[in-house]
6 protein chains.
Amino acid sequence: MIVQRIVRAALEEDIGTGDVTTEAIVPAGARAEAVILAKEDGVIAGLSVAEAAFRELDPEVRFTALCRDGDRVSRGQTVARVEGRARAILTAERVALNLLQRLSGIATVTARLCEKVRGTKARVVDTRKTTPGLRALEKYAVRAGGGANHRFGLYDAILIKDNHIALAGGVAAAVAAARDRAGHALKVEVEVESLEQLYEALGAGADIILLDNMDPATMRQAAERVGGRAVLEASGRITEATIAEVARTGVDIISVGALTHSVKALDLSLEVIEVRGTMLRGAAPAVGAESAPEDILR
Amino acid sequence: MIVQRIVRAALEEDIGTGDVTTEAIVPAGARAEAVILAKEDGVIAGLSVAEAAFRELDPEVRFTALCRDGDRVSRGQTVARVEGRARAILTAERVALNLLQRLSGIATVTARLCEKVRGTKARVVDTRKTTPGLRALEKYAVRAGGGANHRFGLYDAILIKDNHIALAGGVAAAVAAARDRAGHALKVEVEVESLEQLYEALGAGADIILLDNMDPATMRQAAERVGGRAVLEASGRITEATIAEVARTGVDIISVGALTHSVKALDLSLEVIEVRGTMLRGAAPAVGAESAPEDILR
Amino acid sequence: MIVQRIVRAALEEDIGTGDVTTEAIVPAGARAEAVILAKEDGVIAGLSVAEAAFRELDPEVRFTALCRDGDRVSRGQTVARVEGRARAILTAERVALNLLQRLSGIATVTARLCEKVRGTKARVVDTRKTTPGLRALEKYAVRAGGGANHRFGLYDAILIKDNHIALAGGVAAAVAAARDRAGHALKVEVEVESLEQLYEALGAGADIILLDNMDPATMRQAAERVGGRAVLEASGRITEATIAEVARTGVDIISVGALTHSVKALDLSLEVIEVRGTMLRGAAPAVGAESAPEDILR
Amino acid sequence: MIVQRIVRAALEEDIGTGDVTTEAIVPAGARAEAVILAKEDGVIAGLSVAEAAFRELDPEVRFTALCRDGDRVSRGQTVARVEGRARAILTAERVALNLLQRLSGIATVTARLCEKVRGTKARVVDTRKTTPGLRALEKYAVRAGGGANHRFGLYDAILIKDNHIALAGGVAAAVAAARDRAGHALKVEVEVESLEQLYEALGAGADIILLDNMDPATMRQAAERVGGRAVLEASGRITEATIAEVARTGVDIISVGALTHSVKALDLSLEVIEVRGTMLRGAAPAVGAESAPEDILR
Amino acid sequence: MIVQRIVRAALEEDIGTGDVTTEAIVPAGARAEAVILAKEDGVIAGLSVAEAAFRELDPEVRFTALCRDGDRVSRGQTVARVEGRARAILTAERVALNLLQRLSGIATVTARLCEKVRGTKARVVDTRKTTPGLRALEKYAVRAGGGANHRFGLYDAILIKDNHIALAGGVAAAVAAARDRAGHALKVEVEVESLEQLYEALGAGADIILLDNMDPATMRQAAERVGGRAVLEASGRITEATIAEVARTGVDIISVGALTHSVKALDLSLEVIEVRGTMLRGAAPAVGAESAPEDILR
Amino acid sequence: MIVQRIVRAALEEDIGTGDVTTEAIVPAGARAEAVILAKEDGVIAGLSVAEAAFRELDPEVRFTALCRDGDRVSRGQTVARVEGRARAILTAERVALNLLQRLSGIATVTARLCEKVRGTKARVVDTRKTTPGLRALEKYAVRAGGGANHRFGLYDAILIKDNHIALAGGVAAAVAAARDRAGHALKVEVEVESLEQLYEALGAGADIILLDNMDPATMRQAAERVGGRAVLEASGRITEATIAEVARTGVDIISVGALTHSVKALDLSLEVIEVRGTMLRGAAPAVGAESAPEDILR
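Remember, it's a predicted structure, so these values are computed and weren't measured experimentally.

## So, the overall build of chain A
So, step 1. Counting secondary structure elements, chain A contains eleven helices and twelve strands.
So, step 2. The C-alpha radius of gyration of chain A comes to 24 Å, more than 25% above the 19 Å expected for a compact globule of 298 residues.
So, step 3. Its C-alpha atoms give chain A principal-axis dimensions of roughly 80 × 40 × 25 Å.
So, step 4. Of all 298 residues assigned to chain A, the portion counted as buried reaches 63%.
So, step 5. Contacts spanning at least 24 positions in sequence make up 71% of the contacts within chain A whose residues lie at least 6 apart.
So, step 6. With the model as given, the accessible surface of chain A reaches about 10,200 Å², and the carbon-plus-sulfur share is 49%.
So, step 7. Across chain A, the centroid of the 38 positively charged side chains sits 2 Å from that of the 41 negatively charged ones.

## A short note on the domain arrangement of chain A
All names here are of chain A.
So, step 1. You can read the domains of chain A as domain 1 (2–112 + 264–297) and domain 2 (114–261).
So, step 2. Just the C-alpha atoms count here: the centres of domain 1 and domain 2 sit 38 Å apart.
So, step 3. A combined buried area of about 1,500 Å² lies between domain 1 and domain 2, and 67% of that area is made up of carbon and sulfur atoms.
So, step 4. Of all residues in domain 1, I106, T110 and R112 give up the largest surface area on contact with domain 2, accounting jointly for 37% of the area buried on that side.
So, step 5. Joining domain 1 to domain 2, the criterion identifies two salt bridges.
So, step 6. Close ionic contact of R112 with E240 constitutes a salt bridge, the shortest N to O distance being 3.0 Å.
So, step 7. At the boundary of domain 1 and domain 2, one finds nine residue pairs in polar contact (both at pLDDT 80 or more).

## Re the packing of aromatic side chains
So, step 1. Per the stated rule, a full pass over the model turns up nine aromatic pairs over all chains.
So, step 2. A ring pair is formed by Y155 of chain A and Y155 of chain F, whose centres lie 5.6 Å apart and whose planes are at 80°; its orientation type is edge-to-face. Highlighted residues: Y155 of chain A in the loop between α5 (135–144) and β7 (158–160) and Y155 of chain F in the loop between α5 (135–144) and β7 (158–160), drawn from two different chains.
So, step 3. Among the residues examined, Y155 of chain A registers a relative accessible area of 5% and is labelled buried.
So, step 4. The positively charged end of K139 of chain C is found above the aromatic ring belonging to F152 of chain C, 5.2 Å away from the centroid.

## Points about the sheet that holds strand β12 (residues 268–276) of chain E
Residues and elements named next belong to chain E.
So, step 1. The four strands lie next to each other as β3-β5-β1-β12, forming an open sheet whose pairing is antiparallel. With partners counted over all chains shown, the strands left at the sheet margins are β3 (62–65) and β12, one partner each. Neighbouring strand axes in the sheet, compared pairwise and without regard to direction, differ in orientation by 15° on average.
So, step 2. Pairing of strand β1 (residues 31–38) with β12 involves eight bridges; the strand directions are antiparallel. Directly across from V35, in β12, lies its bridge partner E271.

## Structural notes on unusual backbone geometry
So, step 1. The phi torsion at N213 of chain C lies on the positive side, around 55°, for a residue other than glycine.
So, step 2. Exposure remark for N213 of chain C: the relative accessible area of 47% places this residue in the partly exposed category.

## Description of the relation of the copies chain E and chain F
So, step 1. Turning chain E through 180° and shifting it by 0.0 Å along the axis lays it on chain F, with an RMSD of 0.0 Å. Here the transformation between the copies is reduced to the relation of a two-fold axis. Distance from the rotation axis, computed per C-alpha, reaches its smallest value in chain E at V263 of chain E: 3.1 Å.

## Details of the interface of chain E and chain F
So, step 1. With 64 residues of chain E at the contact, the number on the chain F side is 65 residues.
So, step 2. Linking chain E with chain F are six salt bridges, by the criterion used here.
So, step 3. Residues D14 of chain F and R128 of chain E are paired through a salt bridge, measuring 2.6 Å at the closest nitrogen-oxygen approach.
So, step 4. The interface formed by chain E and chain F holds 30 residue pairs in polar contact (both at pLDDT 80 or more) in total.

## Describing helix α9 (residues 216–226) of chain F
Residues and elements named next belong to chain F.
So, step 1. Within the span of α9, buried status applies to T218, M219, A222, A223 and V226. Viewed end-on, α9 has its buried residues packed into an arc of 140°, placing them on one side of the element. Among the exposed residues of α9, those oriented more than 90 degrees off its buried face are A217 and E224.
So, step 2. Contacts made by the buried residues of α9 are with α8 (195–203), β9 (208–212), β10 (231–235) and α10 (243–247).
So, step 3. Positive phi shows up at G227, right after α9, with a value of about 50°.

## Section: the nonpolar core
So, step 1. In terms of nonpolar packing, the biggest core is built from 201 residues, with I209 and I254 of chain C together with I209 and I254 of chain D touching the most fellow members.
So, step 2. Ignoring anything within four residues of it in the chain, the contact list for I254 of chain D reads V117, A122, R123, V124, V125, A234, I238, I243, V246 and A247 of chain D.
So, step 3. Formed by 200 residues, the second largest nonpolar core is a distinct cluster that contains L195, V246 and A247 of chain A together with I165 of chain B.

## Things to note about the environment of V251 of chain A
Residues and elements named next belong to chain A.
So, step 1. Along the polypeptide, V251 turns up in the loop between α10 (243–247) and β11 (253–255).
So, step 2. In this structure V251 comes out as buried when scored by relative accessible area, which is 0%.
So, step 3. Between the C-alpha atoms of V251 and L232, which are 19 residues apart in sequence, the distance is 5.2 Å.

## Observations regarding the sheet that holds strand β10 (residues 231–235) of chain A
As a general point, the strands of a sheet are linked pairwise by backbone hydrogen bonds and lie either parallel or antiparallel.
All names here are of chain A.
So, step 1. Taking strand neighbours across the sheet as the criterion, the six strands line up as β6-β11-β10-β9-β8-β7 in an open arrangement whose pairing is parallel. Two strands bound the open sheet, and with one partner strand each, they are β6 (123–125) and β7. Ignoring which end each strand starts from, the neighbouring axes of this sheet average 25° apart.
So, step 2. In the sheet, β7 pairs with strand β8 (residues 188–192) via three bridges, with the strands oriented parallel. Paired with L159 across the bridge in β8 is E189.

## What to know about the environment of L211 of chain C
Residue and element names in this part refer to chain C.
So, step 1. Considering the arrangement of structural elements, one finds L211 in strand β9 (residues 208–212).
So, step 2. The class of L211 is buried, set by a relative accessible area of 0%.
So, step 3. Among residues more than four places away in sequence, those in contact with L211 are V192, L198, M219, A222, L232, E233, A234, S235 and V251.

## Section: the state of the cysteines
So, step 1. Summed over all chains, the structure comprises zero disulfides over all chains.
So, step 2. The cysteine C114 of chain A is free of any disulfide, with C67 of chain A supplying the nearest cysteine sulfur at 18 Å.

## Some points on the environment of L103 of chain B
All names here are of chain B.
So, step 1. One can find L103 in helix α4 (residues 86–117).
So, step 2. On a C-alpha basis, the gap between L103 and V142 in space is 8.3 Å, while along the polypeptide they are 39 residues apart.
So, step 3. For L103, the residues in contact, after removing those within four places along its chain, are A45, G46, V49, L137, E138 and A141.

## Things to note about the packing of α8 of chain F against α9 of chain F
Residue and element names in this part refer to chain F.
So, step 1. At a minimum axis distance of 11 Å, the contact between α8 and α9 shows a crossing angle of 25°. Our classification of the angle between α8 and α9 gives roughly parallel. Regarding α8 and α9, the two cross each other, and that crossing is right-handed. Contacts from L195, L198, Y199 and L202 of α8 reach α9 at T218, Q221, A222, R225 and V226.
So, step 2. Looking at the contact of α8 with α9 residue by residue, the class counts come to six nonpolar, two polar and one charged.

## A few points about the pattern of salt bridges
So, step 1. The final tally for this structure, using the stated rule, is 84 salt bridges over all chains.
So, step 2. A salt bridge links E40 of chain C to K264 of chain C, with the shortest nitrogen-to-oxygen separation between them at 3.3 Å. One end of the pair, E40 of chain C, is in the loop between β1 (31–38) and β2 (42–43); the other, K264 of chain C, is in the loop between α11 (258–261) and β12 (268–276), and 224 residues separate them in sequence.
So, step 3. By relative accessible area, E40 of chain C is classed as partly exposed at 24%.
So, step 4. Overlapping salt bridges bring together D14 of chain A together with R128 and R135 of chain B as one network.

## Some words on the pairing of strand β5 (residues 78–85) of chain B
Residue and element names in this part refer to chain B.
So, step 1. Of the pairings in the sheet, the one linking strand β1 (residues 31–38) to β5 comprises seven bridges and is antiparallel in character. By the bridge assignment for β5, L37 is matched with T78.
So, step 2. The sheet contact formed by strand β3 (residues 62–65) and β5 spans four bridges and is antiparallel. By the bridge assignment, F63 is partnered in β5 with V82.

## Remarks on the confidence of the model for chain A
All names here are of chain A.
So, step 1. In this model, chain A carries a mean pLDDT of 91, and residues with pLDDT of at least 70 account for 93%.
So, step 2. Taken as a whole, residues 279–298 scores under 50 in pLDDT and shows 61 contacts with residues more than four places along the chain or in a different chain.
So, step 3. In the predicted assembly, ipTM is 0.90 and pTM is 0.86.

The rules behind these values
Residues numbered from 1 in each chain as written. Chains lettered and ligands numbered in written order. Predicted model: local features only at pLDDT ≥ 70, side-chain atom pairs only at ≥ 80, totals over all residues. Heavy atoms only, no water. Helix = DSSP H or I, 4+ residues; strand = E, 2+ residues; numbered from the N terminus. Rg over C-alpha atoms; globule rule 2.2 N^0.38 Å. Buried < 20%, exposed > 50% of the residue type's maximum accessible area, 1.4 Å probe, protein only. Contact = heavy atoms within 4.5 Å. Areas by Shrake-Rupley, 256 points an atom, 1.4 Å probe, with all protein chains shown as cover. Lys, Arg positive; Asp, Glu negative; His and termini not counted. Charge placed at Lys NZ, Arg CZ, Asp CG, Glu CD. Domains from an automatic or database assignment. Buried area = accessible area lost by both parts, 1.4 Å probe. Salt bridge = Lys/Arg side-chain N within 4 Å of Asp/Glu carboxyl O. Polar contact = N/O pair within 3.5 Å; in protein donor to acceptor, adjacent residues only side chain to side chain. Phe/Tyr/Trp six-rings, centres within 6.5 Å; stacked < 30°, edge-to-face > 60°. Lys NZ or Arg CZ within 6 Å of the ring centre and 35° of its normal. Pairing = 2+ DSSP bridges. Axes fitted to C-alpha atoms, helices over the stretch in contact; angles between N-to-C directions. Least-squares fit on C-alpha atoms with pLDDT ≥ 70 in both. Arc of directions from axis to C-beta. Core = buried A, V, L, I, M, F, W, Y, C linked by side-chain atoms within 4.5 Å. Disulfide = S-S within 2.5 Å. Parallel < 35°, antiparallel > 145°, perpendicular 65-115°, else oblique. Left-handed = near helix turned anticlockwise from the far one by under 90°. Nonpolar A, V, L, I, M, F, W, Y, C, P; charged D, E, K, R; others polar. pLDDT = per-residue confidence, 0-100.

In C-alpha cells, the structure reads:
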C-alpha cells in the first residue's frame with residue numbers, strides 16, 4: 001500500500017491535468033514495447049516500484065523484469081521489458097525511472113561499501129537521513145544492496161543523542177530514564193563521544209552504543225572493552241575510503257548517512273522498441289467513444 | 001499548502017506513534033534554544049520549510065533566519081536560531097534538516113553552475129528528474145541558487161521527445177499535431193538530434209528546440225542558423241567541466257538533470273545551546289495534567 | 001470543516017504549483033484593500049465561504065461583510081470589503097468569486113420562486129440534482145434564498161421512485177418494504193404518477209407523497225383527497241411561469257431541480273481600491289528572507 | 001485518477017451511510033438493464049465519467065455508449081445502455097446523471113457558440129470561472145463541444161489583469177516583470193482596455209493580448225494594428241447574440257466565462273427497461289451470506 | 001467504500017512499515033489454508049469485513065463463509081475458511097479478527113436482548129454511543145443481531161435532549177423551533193423526564209418521544225396516554241435484567257447504549273491448517289525477482 | 001497529529017451535514033458552561049482528547065481539567081469544566097464523551113489489574129487486540145492506568161507465534177530466521193507452549209519468551225529455568241481472578257487482550273450548568289451576518 005501511495009502521488013505531481021504532449025501525438029489505441037536499459041554499471045533496486053508506476057496507468061501492462069533487485073547490471077544491459085498502451089508507457093516513464101534510478105543508486109553505493117567491509121563482522125546500515133516521504137523505499141534499497149536497516153523512525157527504537165544527554169544531565173541518567181520508558185519491547189541505544197561515556201553507558205545497561213566520530217584506534221579500544229556486552233555502532237562521516245579501516249576495529253555495525261542523503265541516481269533509460277496502431281488521428285476530434293478516460297484531462 | 005503537506009507527511013513518517021527517546025528523557029515543559037550551523041560552504045535554500053517543520057510541532061516556536069534563501073554561507077556560520085519547546089525542537093530536528101540540507105545542496109550546485117556560465121546569455125534550468133513528492137520544493141531551490149525552471153510537469157508545456165517523434169512519424173508531423181492541441185496557451189518544444197531535425201522543427205513552428213547530446217560545434221551551428229527564431233536548449237550529460245563551453249555556443253538555456261536527481265546534501269547540524277526546565281520528571285507517571293497532547297502517542 | 005475542505009480543494013485546483021503572475025508582479029510585502037461589488041441585482045449567499053478562501057491564504061485578512069446572506073443587493077452595491085496581503089487577495093479572488101457567485105445565483109432564483117408562491121402554504125425545496133462536491137453549500141444557498149431543503153442524500157430519507165416501484169411490484173409493496181426497513185427514525189416518501197397510485201400510497205402509510213409531473217387539476221384533486229394525512233410534494237419541470245399555479249393547488253412542497261442543476265451565477269467582481277508597499281522588487285532575486293512560504297511554489 | 005476521485009467523492013456525498021430506499025426494496029442479487037435517454041437536443045460529453053460512477057459500485061457493470069462525446073443527440077435518442085447489479089445502477093444513477101448532464105450542458109452551449117463563429121479564424125475558449133473541484137472535467141466538456149481551453153490555473157500561464165497592472169505601475173512594467181519570471185517555458189498574456197495599452201503591451205513583448213470589454217470597432221482596429229505579432233483574445237460578456245460580430249473583427253480567440261459559470265444541464269434520464277431476480281426478500285433477515293458488502297452500510 | 005476505508009486504515013495502523021516477523025519466516029511464495037473458529041457461543045457479524053481484510057493483502061484470496069451474518073454459532077464451530085498467500089493471511093489475521101470479534105460481540109448481545117423482548121411490540125435499537133470511526137459497522141452488527149438502528153448521526157434526525165430544552169426554555173418551544181427547521185423530511189424526537197413533559201411534547205407535535213430513565217409504571221402510563229399518536233422510546237441504563245419488563249410497558253422501541261459502548265468481543269481464533277511452499281529461503285537474499293511488493297516494506 | 005485526525009474523523013462521522021437539532025434550537029451566539037461528571041468510580045484517561053473535540057468546533061473554548069489522566073475519580077466528582085460557544089459544546093459532546101469514556105474504561109480496568117499484581121515484579125501490558133483506528137489512544141490509556149505497552153504493531157518488534165513456528169519447522173529455525181532479519185535494532189520474541197519449546201527458544205537466543213496458556217506451576221518452572229536470561233511474558237485468558245497467581249510465578253510481564261478488546265466504558269456525562277445569550281432567534285431567518293460558518297451545513 002505504501003508503494004502504491006508513493007507511485008500515485010508521484011504520478012499526480014507529474015501529470016497534473018494531463019500529459020499534453022503524449023495526448024496530442026500518440027493515439028489512444030496505440031500499443032508499444034519498450035526496454036529499460038542500464039547506461040552504467042550498478043546494482044538494481046525497485047523493479048516492482050517501477051512496474052507499479054506503469055500499472056497504475058495501464059492495469060494490463062506486461063512488465064518483465066530481466067534481473068532481480070540486488071543483481072548487478074552492466075552498462076548496456078536490458079533491465080526490464082514493458083509492453084502495453086503506448087500512452088501509459090510514455091506518461092509513466094519519468095516517474096518509473098525517477099524512482100528506479102534513485103533506489104538503484106542507493107543499492108549501488110551500499111553494495112560498494114559492503115564489498116569493502118567483507119571479511120569483517122561489521123554490517124553497513126542506513127540512518128534516518130532519508131528523503132521525506134520515501135523512507136520505506138530507500139531502506140528497502142539499502143537491503144537490496146546488501147546493507148541492513150537501522151531504526152525506521154523515532155518510534156521503533158530508542159537512540160539517545162548528545163542533546164538528549166545534555167538535557168538529562170549525563171549518559172547514565174539518560175539511559176535509566178529511557179530504559180524505564182522502553183518497557184520490554186524496545187532496545188536502548190546511546191551515542192557516546194569518549195571511552196568514559198562508553199563505560200557509563202555500559203554500566204547503565206545500554207543495548208547498543210553508538211561511537212560518534214571516534215578515530216579507529218579509540219574504536220578498537222572500545223570494541224575490546226565492551227567485549228560483546230553491547231552492540232557497537234560506528235558513525236560519523238565514514239566514506240568509501242575509510243570504511244574498511246573502521247570495519248576492522250571490531251565494531252558490529254557502521255551507519256552511513258550518505259547512503260540516502262546524497263544519492264547519485266543510477267543512469268537508466270527507457271527506449272521504445274516497437275509500436276502498433278500509431279497512425280495519427282488525422283482530423284478526427286479528440287472526443288470519440290474510443291477515448292480512454294485519461295483523455296478527459298486535457 | 002504544499003509546504004505544509006510535505007512537512008506533515010515527513011513528520012508522520014518519522015514520528016509514527018511517538019518519539020520514544022525524547023518523551024522518555026525530555027520533560028514536557030522544558031524549553032530550548034538551538035542553532036542550525038553550516039558545516040561546509042554552500043548556498044542556503046528552504047529556511048521557511050525548516051521553520052514549518054518546527055512550527056508544526058510547536059506553533060509558538062521562534063525561528064530566526066540569520067541569512068536568506070540564496071545566500072552563500074561559510075563553514076561554521078550560524079544559519080538560523082530556533083527557540084521553543086525542547087521536545088518539539090528535538091523531534092522535528094531530523095525532518096527540518098533533511099529538507100533544508102537537500103534543498104541547500106541543490107541551491108549550492110546550481111549556484112556553482114550559474115557561476116560558470118556567467119557572461120553568456122545561457123541560463124541554467126532544471127528538469128523533471130526530481131524526487132517524487134518534492135518537485136515544487138526542488139524547483140524552488142534551483143531558483144534560489146540562481147537557476148530557472150523548466151516546465152513543472154507533463155501538463156504545463158509540450159515537450160516532444162524521440163519516442164514521440166518515432167510514434168508520430170517525424171519531427172514535422174509531431175510538431176504539427178502538438179501545435180494543434182496546444183491551443184494558444186502552451187509553448188511547443190521539440191527534441192532534435194541533428195541539424196536536419198532542427199530545420200524541420202523550425203519549419204514546423206516549434207517555439208523551443210532541445211539539442212539533445214550534440215557536441216559544442218554542432219550546437220554553435222544550430223545557434224547561428226536559428227538566429228533567435230526559436231529558443232535553443234542544450235541538454236544531455238552536461239557537467240561542471242563542460243557547461244562553460246556549452247554556454248559559449250550561443251544556446252539560450254542549459255538543462256541539467258543532475259541538479260535534482262543526484263543531490264549531495266549540504267552538511268548542516270542543529271545544536272542545542274540552552275535549555276530551561278529540564279529536570280527529569282523523577283518517579284512521576286507520564287500521565288499528569290501537564291502532559292502535552294503529543295504525550296499520548298507513546 | 002466542510003467549508004474549509006471545499007475551499008482548500010478549490011484553491012489547490014486553481015493555484016497548483018503557484019500563481020506565477022502575482023508572484024512575478026506583486027511584492028511579497030504589499031498590502032491591498034479591495035471591495036466585492038454586485039454587478040446585477042440579486043440575493044447574496046456564501047459570504048463566509050468567500051471569506052474562508054481569502055483567510056486560507058492570509059490568516060490575518062480582514063473581511064467585512066456589508067450585507068448578510070439572504071439579503072437582496074442592487075447593481076453597484078458593495079457586498080464586502082477585504083483587506084490584507086495583496087498577493088493573497090489576488091490569488092484567492094477567483095475561487096472566492098466562483099463560490100460566492102454560484103451560491104448567490106442559487107439564492108437569487110430561489111428567492112424569486114419563493115416570492116411567486118407567497119400567500120400559499122407551499123414551500124420551495126431543492127433536490128439531489130446538485131453539483132458533485134458542493135451539495136452542502138448549495139443546499140445552504142437554497143435556505144438563504146428562503147427555500148427549504150429536501151433530503152441531503154440517499155441516507156437520510158426514503159424516497160421510492162418509479163424504478164423502485166417497478167422492481168417491488170407496486171406502490172403498496174414498495175412502501176411496506178421501505179417502512180419495515182426505515183425503522184422509527186426515517187420518513188417514507190413515494191413518487192406517484194396517478195391518483196390510483198396516490199390512494200395506494202396513502203393506504204400503505206406513506207409519510208410523504210410526490211406527485212410526479214401531474215397537471216394542476218389532478219394535483220388539486222390529490223390535495224383534496226389526502227386532506228393532510230400525508231405531506232404532498234409537487235415535482236417535475238416546474239418553472240417560474242408555472243410555480244404559482246402549482247402552489248395554489250394545495251400541495252405542501254414544490255421541489256425544483258433547476259435551483260441547483262442549472263445555476264446562473266450572480267455577476268460579482270472584486271476591485272482593488274488601495275495598495276501599500278507595492279514597489280516592484282527591481283533586480284532583487286526572489287529568494288530573500290522576506291519571502292513568504294507561498295513564494296516557494298514557483 | 002482525477003475522474004475516479006471526483007466520482008468517488010460525489011458518491012460518498014450522496015450515499016453517506018447507505019441508500020436506504022434501494023436496500024429496502026431491491027434484493028442484493030437483482031440485475032437490471034437501463035438506458036440513458038436524451039430528453040432534449042444537445043451535445044453529449046462525459047460518457048466515461050458516467051460509466052465510472054456505475055463501475056465504482058459494480059466493477060462488472062456493462063456500460064455501452066451509443067454515441068461518442070462530442071456527438072449531437074436528439075430528443076428521445078438513447079445515449080447509453082447500462083447493465084449490471086440493480087442496486088448499483090439505482091444508487092449511482094443520480095451521480096452519473098448529475099455529472100453527465102452538466103458536462104453535456106457545457107458541450108451543448110460550446111457547440112452552439114462554435115457554430116456561430118464558423119468561417120472566421122476565431123476559436124471559442126473557456127476561462128477559470130469553473131465549478132470548484134470540476135475544472136478538469138468542465139474544460140474537457142468545452143473541448144468536446146468543439147471549443148479550446150484557456151489556461152488550466154494560475155500556474156500554467158501568465159495572465160496580467162487590471163489589478164496587476166495597477167500594482168505594477170503600468171502595462172510595460174508588468175509585462176517586463178512577468179517576462180523575467182516566466183522563463184522560457186510560459187507565455188505572457190496581458191489584459192488591456194484601450195489601444196494605447198495594446199501598443200504598450202505589444203512593445204513590451206506580450207505573447208497574447210486580452211481585449212477587455214472593447215466594442216467591435218476597436219477590436220477590429222486592434223487586430224489590424226497587431227497584424228499577427230501577438231495572439232488577440234476578446235473577452236467580456238460575449239453572448240450568443242454578439243459572438244459572431246466579435247469573431248469577424250479578426251481576433252484569434254474569444255473567451256466566454258458563461259460556458260462554465262452558468263451551465264444549463266442537458267436534460268437526460270435513466271430508465272430501467274428490464275430486471276431479473278427482483279423478488280422481494282420476504283421475511284428473510286437482511287444479514288444473509290449473500291449480502292453484498294454495501295449492505296453493511298444501513 | 002466505507003468498509004474498504006476502515007479495513008485499509010486498520011491494516012496501515014497495524015502493519016506500518018512491514019510485518020517483520022512474517023517476512024522473516026514465511027517465504028513470499030508460500031500458500032496456506034486457515035479456518036476461523038468460534039471459541040464460545042454467539043452470533044456472527046462482519047464476515048464480509050473480515051474477508052475484505054484478507055483480500056486487501058491478497059486480491060486472489062478464497063474466503064468461504066460457513067455461516068451467514070446473524071447466524072448463531074457454537075463453541076468449536078468453523079465460521080469461515082481462508083485460502084491464499086500465507087503471508088497475507090498471517091499479516092491480516094489480527095485486523096480481520098479484531099473487527100469480526102467486535103461486530104460479533106455486538107450482534108451477540110443484541111440477539112440476547114431481542115430474545116428477551118420477544119412477544120412484545122418493542123424493538124431493541126442502538127444509540128450514537130459507538131466507537132469513533134466504526135459507527136456504520138457497529139450499527140450493521142446491531143441489525144445482524146436482530147435489532148434496529150436509531151439515527152446515524154446528528155444530521156439525519158432531530159433529537160431534543162435536556163440541554164436543548166433548557167436552552168429553548170421548555171419542551172414546547174424546543175419542539176416548535178425544531179419542527180420549523182426540520183422541514184418535511186426529518187422526524188422530530190424529544191426527550192422527556194415526566195408525564196407533564198410528555199403531554200407538552202405530544203401537544204407540540206413531536207413524532208417520537210424518548211422516556212428518559214422512567215420507571216416501568218410511569219412508562220406504562222405514558223404508553224396508555226399516548227395511544228399511538230407518537231412513537232415511544234424507552235432509554236436509560238436498561239440491562240438484560242430489566243429489558244423484558246420495560247418491553248411489556250407498551251413502548252415501541254428500547255435504546256441501549258451498552259450495545260456499542262461496552263462491547264465484549266466474541267472469542268474467535270484463526271488456525272492455519274495446511275501450508276504449501278514453506279521451505280525457508282535459506283541463505284538467499286530477500287531481494288529476488290520473486291519478491292512480492294509488500295516485501296519492500298522492511 | 002494522530003489525536004487531531006481521530007477527533008476530526010469522529011466529528012465528521014457524527015455531524016455529517018450538520019447538527020440539525022442544535023442549529024434549530026441554540027442561537028449561534030449563545031455561550032454555555034458545562035461540566036463533565038463521573039457517574040461511577042474509575043480512573044480517568046483522555047482528557048486532552050476530549051478537549052480536542054470541543055476545540056475543533058470552538059478554537060476559543062476554555063477546557064479546565066479538574067483531575068489528571070491516571071487519577072482515580074469517584075461517583076459524582078466533576079472531571080472537567082468546559083466553557084465556550086453553546087453550539088460547539090452540544091455538538092461535540094457525544095464524540096468527546098465516547099472517546100473519554102472508552103479510554104477511561106481502559107485505564108480503570110488496567111489500574112484494577114495493576115493493583116492485583118502489586119508487590120511482584122510483573123507488569124501488566126496490552127496487546128494488538130485494540131479497536132481499529134484507536135490503537136495509539138488505547139495504548140496511552142493503558143499507560144495512564146499504570147500498565148505498560150507491548151509492541152505497537154507488526155513493524156516494531158518480532159513476535160513469532162504458533163503459526164509462524166509451524167511454517168518455519170520449529171522454534172529454533174524460526175528464531176534463527178527472525179534474528180537474521182531483525183538486525184541489531186529489533187527484539188525477537190517467541191511464543192512457546194511447553195518447557196521443551198522454551199528451552200529451544202532460549203538456546204536460539206530469543207530476547208523475550210511468551211508462555212502461552214500455561215498453568216501457574218509450569219510458568220513457575222519456566223521462570224526458574226530461565227533465570228533472567230530472557231524476559232518472560234505470560235499470556236492467555238488471564239482474568240482479574242487469576243492474575244495475582246500468575247504474577248507470583250515470577251514472570252516479567254502479563255499481557256491481557258481484554259484490556260482493549262472488551263472495554264466497558266466508564267460512565268460519564270456532560271451537564272450544561274449555565275447559559276448566556278440563549279434567546280431563541282424568533283422569526284429571523286437563519287442567514288444573518290452573525291451566522292457562524294458551521295451554520296452553512298444544514
